[in-house]
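The primary structure of each chain is shown beneath.
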Number of protein chains: 2
Amino acid sequence: MARKTGSHSQITGPKIRAQAQQLFARHGFAAVSMRQIAAAVGVQAGALYLYTPDKEALLFDLLKTHMDELLAAWAEAPRGTGPMAALEAFVRFHIGFNLSRADAVFLSYMELRNLGPENFAMIESQRRAYETELEDILKAGQQAGAFLIPDTKLATMAIIAMLTGVTTWFREGGRLSRPMVEDIYWDMVRKAVGA
Amino acid sequence: MARKTGSHSQITGPKIRAQAQQLFARHGFAAVSMRQIAAAVGVQAGALYLYTPDKEALLFDLLKTHMDELLAAWAEAPRGTGPMAALEAFVRFHIGFNLSRADAVFLSYMELRNLGPENFAMIESQRRAYETELEDILKAGQQAGAFLIPDTKLATMAIIAMLTGVTTWFREGGRLSRPMVEDIYWDMVRKAVGA
DNA sequence: TTTGATACTGAACGGGTGTTCAGTTAACTT
DNA sequence: AAGTTAACTGAACACCCGTTCAGTATCAAA
């Protein structure tokens, strides 16, 4: 056997990325073999190398794509006027985006250490750019007197950690709906940065 | 060569656990080989099996010891009277304990998935017990009217995620000292659960 | 000083790893 | 229908994996 009937790179390529993302998120990058990914796609291991130069590049592609989409989505997200509205927009955006892409979020926080130095630096700088978006909101609110924050950098890290944690416990169809979760988190954040 | 001069199980045993913990935390359980651990200890791979039945048991031992110590330390931690004092005690305890054992904390949150079902269940139940300690404080404060929390379970997860995140950015000797970090986090938590 | 327990080595086991590539078949173009 | 390109196989490469074990050197006790 060689080429499969109905095979197409525009089908196999995305399939590989999707299965790799799921497997990496579930078991960890190092614990997943190229043969396991290939088997999940329905292909032999060698075929993966038509789509990626090596295993690390496959991971980097997933992380890079995720960060690009995160920054692009936030750039286009609706944000009101004033620090309070901007903060609320960020909180709701972050929760919504994270919940809709739990695997990718988990990967981009956990598997950075498997990247080489220059790939690591690229993702890290994007993550910092995203965090700076929140910090800028907090700084602006602080200067405008809308927020009372002892340290904006610490508050940034605290809020992001708190919000990102939602993926560890939230289950679709559980006790709380997504809008309820957003509301409750926003309530806590609003109070935490307030007077 | 066989036995090394000056060798003793009471020295080698702790060395193995310490090196394994550091390597697992840095590179991930799956990415670290028994030979790497052995090399870090200064011993051949086979010698590790005098101290652990297998690799997973080594990880479990680290996680179990950490959770036991966490629960024991909290049980003996000073806590004042009333919900507000109890919450403050928890916040300061959690930050302090986490910062003093960053590797172990990281492991117990990230490498649970490498445990077999029954080992997983044991650690998971201890973690839930710890989380319940915080939730009980929040519930008591809510009923006493000291806190205003829409959902105590969500608030529990949110606060723990926020506090645990301190290990990802805090560096000893940096801009902020430990007491300052504790103060600022406590300020945010206090306001977040307040009216 | 002999003896037995303790701590470790070094080689081996079967199997899995990422990656390469000549060969083969399906899909597309002319 | 013939020729070309795209997609994939299956075997092989050198190496690393967790784990076992007979053998050996050191330590502690008698």
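Residues numbered from 1 in each chain as written. Chains lettered and ligands numbered in written order. Predicted model: local features only at pLDDT ≥ 70, side-chain atom pairs only at ≥ 80, totals over all residues. Heavy atoms only, no water.

Chemist: Kindly report on the relation of the copies chain B and chain A, identifying the contributing residues and their values.
Modeler: The two copies are related by a screw motion: chain B maps onto chain A through a turn of 180° and a shift of 0.0 Å along the axis, at an RMSD of 0.0 Å. Those values place the two copies in the arrangement expected of a two-fold rotation axis. Interface residue correspondence from chain B to chain A reaches 97%, placing this contact among same-surface, isologous pairings. (Least-squares fit on C-alpha atoms with pLDDT ≥ 70 in both. Contact = heavy atoms within 4.5 Å.)

Chemist: Please provide a residue-by-residue account of the protein's contact with DNA strand D, values included.
Modeler: Around DNA strand D, a shell composed of 28 residues is seen, among which S9(A), Q44(A), Y51(A), A2(B) and Y49(B) lie nearest. Per the 4 Å cut-off to the protein, sugar and phosphate atoms form 65% of the nearby atoms of DNA strand D. Within the backbone of V32(B), an N or O atom sits 3.4 Å from a phosphate oxygen of DNA strand D. Within the side chain of Y49(B), an N or O atom sits 2.6 Å from a phosphate oxygen of DNA strand D. Elements represented by at least two residues in the surface near DNA strand D include exactly α1 (9-27) of chain A together with α2 (34-41) of chain B. No other element matches the 3 residues that α2(B) contributes to the surface near DNA strand D. Counted by class, the surface near DNA strand D contains 11 nonpolar, 10 polar and 7 charged residues. (Near = heavy atom within 4 Å. Polar contact = N/O pair within 3.5 Å; in protein donor to acceptor, adjacent residues only side chain to side chain. Helix = DSSP H or I, 4+ residues; strand = E, 2+ residues; numbered from the N terminus. Nonpolar A, V, L, I, M, F, W, Y, C, P; charged D, E, K, R; others polar.)

Chemist: Got a sec to walk through the domain arrangement of chain A? Specific residues and values, please.
Modeler: Residue and element names in this part refer to chain A. You can read the domains of chain A as domain 1 (1-52) and domain 2 (54-193). If you average the C-alpha positions of domain 1 and of domain 2, the two centres end up 29 Å apart. Between domain 1 and domain 2, the contact holds 15 residues from the first and 14 residues from the second. Carbon and sulfur atoms supply 69% of the area buried between domain 1 and domain 2, which totals about 1,400 Å² over both sides. Among the residues of domain 1 in contact with domain 2, Q21, F29 and T52 are the three that bury the most area, contributing 45% of the side total. In this structure, the connection of domain 1 to domain 2 is made through 0 salt bridges. Within the residue set of the side of domain 1 that touches domain 2, elements represented by two or more residues are α1 and α2 (34-41). Looking at the side of domain 1 that touches domain 2 element by element, the count peaks at 7 residues for α1. Among the residues forming the side of domain 1 that touches domain 2, the class breakdown is 10 nonpolar, 4 polar and 1 charged. (Domains from an automatic or database assignment. Buried area = accessible area lost by both parts, 1.4 Å probe. Salt bridge = Lys/Arg side-chain N within 4 Å of Asp/Glu carboxyl O.)

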